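# Observations on chain architecture
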Amino acid sequence: MPELPEVETIARGLRHKVLRRRIAAIEVAWQRSIDQRGVSEQLLVGDTISDVRRLGKFVILSLGSGRSVAIHLRMTGRLIVDPPAADPHTRLTLRFEDGGVLVFSDARKFGRWRVIEGDPSRALGIGIDPFDPALSASVFAGLVRKRATPIKTWLLDQRFLSGIGNIYACEALFAARIRPRRRARSLSVSERAQLLASLRKVMRKAIQHRGSSVDDYLDAEGMPGGFQKQLAVYGRGGLPCRRCRTPIRRVVLAQRGTFYCPTCQQ
DNA sequence: ATCAGCACCTGTTGGC
DNA sequence: TGCCAACAGGTGCTGA
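Residues numbered from 1 in each chain as written. Chains lettered and ligands numbered in written order. Predicted model: local features only at pLDDT ≥ 70, side-chain atom pairs only at ≥ 80, totals over all residues. Heavy atoms only, no water.

### A word on the packing of aromatic side chains
- Per the stated rule, a full pass over the model turns up five aromatic pairs.
- Ring geometry for Phe 140 and Trp 154: centres 5.6 Å apart, planes at 75°, overall edge-to-face. Pair noted here: Phe 140 is in helix α4 (residues 137-144) and Trp 154 is in helix α5 (residues 151-156), with a separation of 14 residues, a long-range link. Of the two residues examined, Phe 140 and Trp 154, each falls in the buried class. (Phe/Tyr/Trp six-rings, centres within 6.5 Å; stacked < 30°, edge-to-face > 60°. Helix = DSSP H or I, 4+ residues; strand = E, 2+ residues; numbered from the N terminus. Buried < 20%, exposed > 50% of the residue type's maximum accessible area, 1.4 Å probe, protein only.)

As structure tokens, this is what we get:
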């Protein structure tokens, strides 16, 4: 479900709700929702949340002990603080000392919690953030260099850039006017510049709208995003392109639905 | 290095 | 109305 803009929205919303709260207990309703079941819970009890932020598509809870919790929401994961009603898909519950709770709800059970000692960005093995100022044109060029894989597939590979998912890969390629099947290494200097600028522009705008709720995404406040109304191609197969009226085409690439305009994107 | 296929899961939707 | 197949925003593994 959530990609960079959604995870960013969730992390921001969660931050002020859980900061400085102390973990008193953990309840695991679905074992596979947490790595190192048993060991992880023991490590967390008594620790305090000192920061909340996003790393790629992970929500990171930093703890007073120096440890971190990396939460990947995958398709349907949600983080809810002090829910008004019991959630039927609750997989994990953090009980705070003050009596409140952080609930991890996940209908499809794909999401994972992982406790990390030391530097989480290293442990997670993910690439550079698209908004990292260190991601210059030459760094970007180095990452696509020699890559024969389609650019859409490359964008989804978290080891290069982290945080981009299927929606924003499609949207950024449309904005940059590049076909999803183009080989990564075949992009010209100006196409690479266009793509990087489009990734940032599309996702910055999506963050401003608190993400896209295509199906059932909700942020930490339980609110849907608003960016889905502005999607140019994603989910618009057969509908006219907003730029040239050509029907948007849907193909499957890297086992994922991929949308593009055959006229605007070359 | 890359890719297709499948696995992990459940809920929703669209076609018949 | 009811059933069933297809599909879903993600990732990891296997085997070719």
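Still more to cover.
### Describing the pattern of salt bridges
- Within the structure shown, the criterion is met by 14 salt bridges.
- Arg 54 is the partner of Glu 8 in a salt bridge, and the nearest nitrogen-oxygen pair spans 2.7 Å. Of this pair, Glu 8 sits in helix α1 (residues 4-18) while Arg 54 sits in strand β2 (residues 49-55), and the two are 46 residues apart along the sequence.
- When its relative accessible area of 16% is taken as the criterion, Glu 8 is described as buried.
- Owing to a relative accessible area of 12%, Arg 54 belongs among the buried residues under this scheme.
- For Arg 21, the salt bridge identified is with Asp 82, shortest N-O distance 3.6 Å. Remark: Asp 82 occurs in the loop between β5 (77-81) and β6 (90-96) and Arg 21 occurs in the loop between α1 and β1 (23-28); sequence separation between them is 61 residues.
- Given a relative accessible area of 38%, Asp 82 falls into the partly exposed group.
- Ionic contacts of the salt-bridge type, sharing partners, join the residues Glu 8, Arg 12, Arg 54 and Asp 129 into one network. (Salt bridge = Lys/Arg side-chain N within 4 Å of Asp/Glu carboxyl O.)

### Here we look at the sheet that holds strand β4 (residues 68-72)
- Spatial strand order, β2-β3-β4-β8: four strands in an open sheet with antiparallel pairing. Every other strand in the sheet has two partners, leaving β2 and β8 (112-116) as the edge strands with one partner each. Neighbour-to-neighbour, the strand axes of this sheet turn through a mean angle of 20°, independent of strand direction.
- The sheet contact formed by β2 and strand β3 (residues 58-63) spans six bridges and is antiparallel. The residue bridging Ile 49 from the neighbouring strand is Leu 63, located in β3.
- The strands touched by α1 within the sheet are β2 and β3, with β2 carrying the most contacts at an inclination of about 170°. (Pairing = 2+ DSSP bridges. Axes fitted to C-alpha atoms, helices over the stretch in contact; angles between N-to-C directions. Contact = heavy atoms within 4.5 Å.)

### Details of the domain arrangement of chain A
- What the domain assignment reports for chain A is domain 1 (4-124) and domain 2 (137-260).
- Computed from C-alpha coordinates alone, the two centres of domain 1 and domain 2 are separated by 28 Å.
- Each partner contributes to the interface: domain 1 provides 16 residues, whereas domain 2 provides 18 residues.
- Interface of domain 1 and domain 2: buried area, both sides summed, is about 1500 Å²; carbon and sulfur atoms make up 60% of it. (Domains from an automatic or database assignment. Buried area = accessible area lost by both parts, 1.4 Å probe.)

### What about the protein's contact with DNA strand B?
- Around DNA strand B, the neighbouring residues are Trp 30, Arg 32, His 89, Ala 107, Arg 108, Lys 109, Phe 110, Arg 147, Ala 148, Thr 149, Pro 150 and Gln 255.
- Looking at DNA strand B alone, sugar and phosphate atoms form 65% of those within 4 Å of the protein.
- In this structure, a base oxygen belonging to DNA strand B sits 2.7 Å away from a side-chain N or O atom of Arg 108.
- Here a phosphate oxygen of DNA strand B and a side-chain polar atom of Lys 109 are 2.6 Å apart.
- A breakdown of the residues in the surface near DNA strand B according to their chemical character gives five nonpolar, three polar and four charged. (Near = heavy atom within 4 Å. Polar contact = N/O pair within 3.5 Å; in protein donor to acceptor, adjacent residues only side chain to side chain. Nonpolar A, V, L, I, M, F, W, Y, C, P; charged D, E, K, R; others polar.)

### A closer look at unusual backbone geometry
- A positive phi angle, close to 65°, is found at Lys 109, a residue other than glycine.
- Position of Lys 109 relative to the elements: it lies in the loop between β7 (101-106) and β8.
- The class of Lys 109 is partly exposed, set by a relative accessible area of 27%.
- Notably, Arg 177 is not glycine yet its phi reads approximately 60°, a positive angle.

### As for the pairing of strand β10 (residues 256-260)
- A large share of β10 lies buried, amounting to four of its five residues.
- Taken together, the five bridges between strand β9 (residues 249-253) and β10 define a ladder with antiparallel strand orientation. Pairing of Arg 249 across the sheet is with Tyr 260, part of β10.
- The antiparallel hairpin formed by β9 and β10 contains two residues in its connecting segment, where Ala 254 sits at a positive phi of about 55°.

### Things to note about the protein's contact with DNA strand C
- If you check the shell around DNA strand C, you find 20 residues, and the closest are Asp 215, Tyr 217, Tyr 234, Arg 250 and Arg 256.
- Backbone atoms, meaning sugar and phosphate, form 55% of the atoms of DNA strand C found within 4 Å of the protein.
- Here a phosphate oxygen of DNA strand C sits 2.7 Å away from a polar atom, N or O, in the side chain of Lys 57.
- Here a base nitrogen of DNA strand C sits 3.1 Å away from a polar atom, N or O, in the side chain of Arg 108.

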